[in-house]
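# Coordinates in review
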Amino acid sequence: MTAAKDYIETVYQKVEKRGPHQAEFLQAVREMFDTIEPAIEKNPQFIKWNILEQLAEPERVISFRVPWVADDGTVQINKGFRVQYNSALGPYKGGIRFHPTVNESILKFLGFEQMFKNSLTGLPIGGGKGGADFDPKGKSDEEIMRFCQSFMTELQKYIGPIQDVPAGDIGVSGREIGYMYGQYKRLNGAHSGVLTGKPVSMNGSLARTEATGYGLVYYTEEMLQSNGKSFKDQKVVVSGSGNVATYAIEKVHEFGGTVIACSDSNGYIYDESGIDLALLKQIKEVERKRLTEYADRKDSADYVEGSVWDIDVPFAIALPCATQNEISGNQAAQMVKNGVYCVSEGANMPSDLDAIHVYLENGVYYGPAKAANAGGVATSALEMAQNAQHGHWTFERVDEELKAIMKNIFKTVEETAKEYDLEGNYLAGVNIASFLNVANAMVFQGVV
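Residues numbered from 1 in each chain as written. Predicted model: local features only at pLDDT ≥ 70, side-chain atom pairs only at ≥ 80, totals over all residues. Heavy atoms only, no water.

Before going further, it helps to examine a nonpolar patch on the surface. Judged by side-chain polarity, Val69, Val75 and Ile77 come together as a nonpolar surface patch covering roughly 270 Å² of accessible area. In this fold, Ile77 is placed in strand β2 (residues 75–86). (Patch = residues over 30% accessible without salt bridge, like charges linked within 9 Å, V, L, I, M, F, W, Y side chains within 5 Å. Areas by Shrake-Rupley, 256 points an atom, 1.4 Å probe, with all protein chains shown as cover. Salt bridge = Lys/Arg side-chain N within 4 Å of Asp/Glu carboxyl O. Helix = DSSP H or I, 4+ residues; strand = E, 2+ residues; numbered from the N terminus.)

Okay, here's the thing in structure tokens:
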């Protein structure tokens, strides 16, 4: 066993001992640690400074009670969190998630991933994540407003435009960001760029809503073209039907591909003729209804309960855009049998470790989330720049900046894999490149 491998395993055992029940966090750490041994071997100063153990422990985990009043007058209590994971490269930056499954493990894994993802953008932002076990589904606008105001009343003590700049995530769109921003402004008496993903009328950025989905497709197209392929004339399956999935579908169609399926939390629609984007947006963005409505209104579509990754039809490209661990090893193997040669992740850690092994063993072009879905946070950082300038950029300018960032991320990943004699292993390229960015900054700053 090399000194690097021995060090990696020793640190992982310590991490596991500290949080044996934090399954999602341990999975994220394992996936990263499994690929960075060459970087540790080449840079022994990382062992001297014990960088891995520093990286595996967030700088700060804040938890708090969120009381709010429902429409029926009852007092409800939820638990809120902010994980300020790593600030070596800049202010903490990462989304807020409102979902019943939110807990410390999930937010630590998201913050861990965010730290590395942000480093790949080349922008001066560190990593963080936050949220609450609150479910916005079925709540009135007034209930959501009261919850957001209570959540921000506590969170505002720990954030600021040069300290920690949250954004949206699952369950947090422009509506929720607007309510939280209003409360922050009320309590602090000033407009500031403390939240991104704001509505444009509140100094938000054009193209922010589209950014993660567009960026996913820009990154994937670069990866495909590097291997002599493209989206053109290819059948694509997308999971999810929120912002990321919707705008990934839009951009895939612009690039000449055909998305034949997308999903929600209960099932998926299969439309061999191609997803009707206008209808999908009407149902999900305007009416806020379930995907069963799509099948009811379009004769060529079927709605099937269960995971979209159980679909048994030929397709070439998979874009998982829903949630963590949505693709298992067995599902990945079935996808390969169905002709899938490219998987690129719009959600955070949507493939479990077994699924990733299937991709690597079968030569699938794999775009890990740290790189492929970095478009959202990249555009959030561009929103921070606009706020600092007290100005607005055009949609076209933001989109061009986003496209350039995603192309540069893939170039960095590809070159890093080649540098470490791992050409074509984009997982290793992503993990090593992002790790080096953060680790080197930490060495320069000393033990802090």
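One open sheet accounts for five strands, arranged β1-β2-β4-β3-β5; its pairing is mixed. The sheet is open, and its two borders are formed by β1 (60–69) and β5 (164–168), each paired with just one other strand. Each adjacent strand pair in this sheet contributes to an overall mean axis angle of 20 degrees, direction not counted. In this structure, β2 lies alongside strand β4 (residues 127–132), joined through six bridges in antiparallel fashion. Within the sheet, the bridge partner assigned to Val83 lies in β4 and is Lys129. (Pairing = 2+ DSSP bridges. Axes fitted to C-alpha atoms, helices over the stretch in contact; angles between N-to-C directions.)

The next point concerns the environment of Asn243. Relative to the assigned elements, Asn243 resides in helix α10 (residues 243–254). Separated by 31 residues in sequence, Asn243 and Thr212 place their C-alpha atoms 8.0 Å apart. Ignoring sequence-local partners within four residues, the contact set of Asn243 consists of Thr209 and Glu285. (Contact = heavy atoms within 4.5 Å.)

Domain annotation of the protein identifies domain 1 (3–56), domain 2 (60–190) and domain 3 (210–371). In this structure, domain 1 and domain 3 have C-alpha centres spaced 32 Å apart. Taken together, the contact between domain 1 and domain 3 spans six residues of the former and seven residues of the latter. Here domain 1 and domain 3 share an interface that buries about 580 Å² over both sides, 63% of which is from carbon and sulfur atoms. Considering only the side of domain 1, the residues that lose the most area to domain 3 are Glu24, Gln27 and Glu31, jointly responsible for 75% of the buried surface there. Across the contact surface, domain 1 and domain 3 share one salt bridge. A salt bridge links Lys370 to Glu31; its shortest N-O distance comes to 2.9 Å. At the junction of domain 1 and domain 3, the tally comes to two residue pairs in polar contact (both at pLDDT 80 or more). (Domains from an automatic or database assignment. Buried area = accessible area lost by both parts, 1.4 Å probe. Polar contact = N/O pair within 3.5 Å; in protein donor to acceptor, adjacent residues only side chain to side chain.)

Next up on the list: the layout of surface pockets. Its boundaries defined by the atoms lining it, the second largest pocket holds a volume of some 340 Å³. Contributing to the lining of the second largest pocket are 20 residues, with Gly193, Met384, Ala385, Asn387 and Ala388 lying nearest its centre. Here the residues of the lining of the second largest pocket sort into 11 nonpolar, eight polar and one charged. (1 Å grid on protein atoms, 1.4 Å probe; cavity = no way out; pocket = protein on both sides within 12 Å on 5 of 7 lines; lining within 4 Å. Points joined across faces, edges and corners; volume = space filled by probe spheres on them. Nonpolar A, V, L, I, M, F, W, Y, C, P; charged D, E, K, R; others polar.)

This paragraph deals with the nonpolar core. In this structure, Tyr219, Ile317, Leu319 and Ile409 are the most contacted members of the largest nonpolar core, which totals 49 residues. Among the elements that make up this core, the one with the highest residue count is helix α9 (residues 208–226) (eight residues). With residues near it in sequence (within four places) discarded, Leu319 still touches Leu216, Thr220, Phe231, Val236, Val237, Val238, Ser239, Val252, Trp309 and Ser344. Listed in part, the 43 residues of the second largest apolar core include Tyr7, Ile106, Ala441 and Val443. (Core = buried A, V, L, I, M, F, W, Y, C linked by side-chain atoms within 4.5 Å. Buried < 20%, exposed > 50% of the residue type's maximum accessible area, 1.4 Å probe, protein only.)

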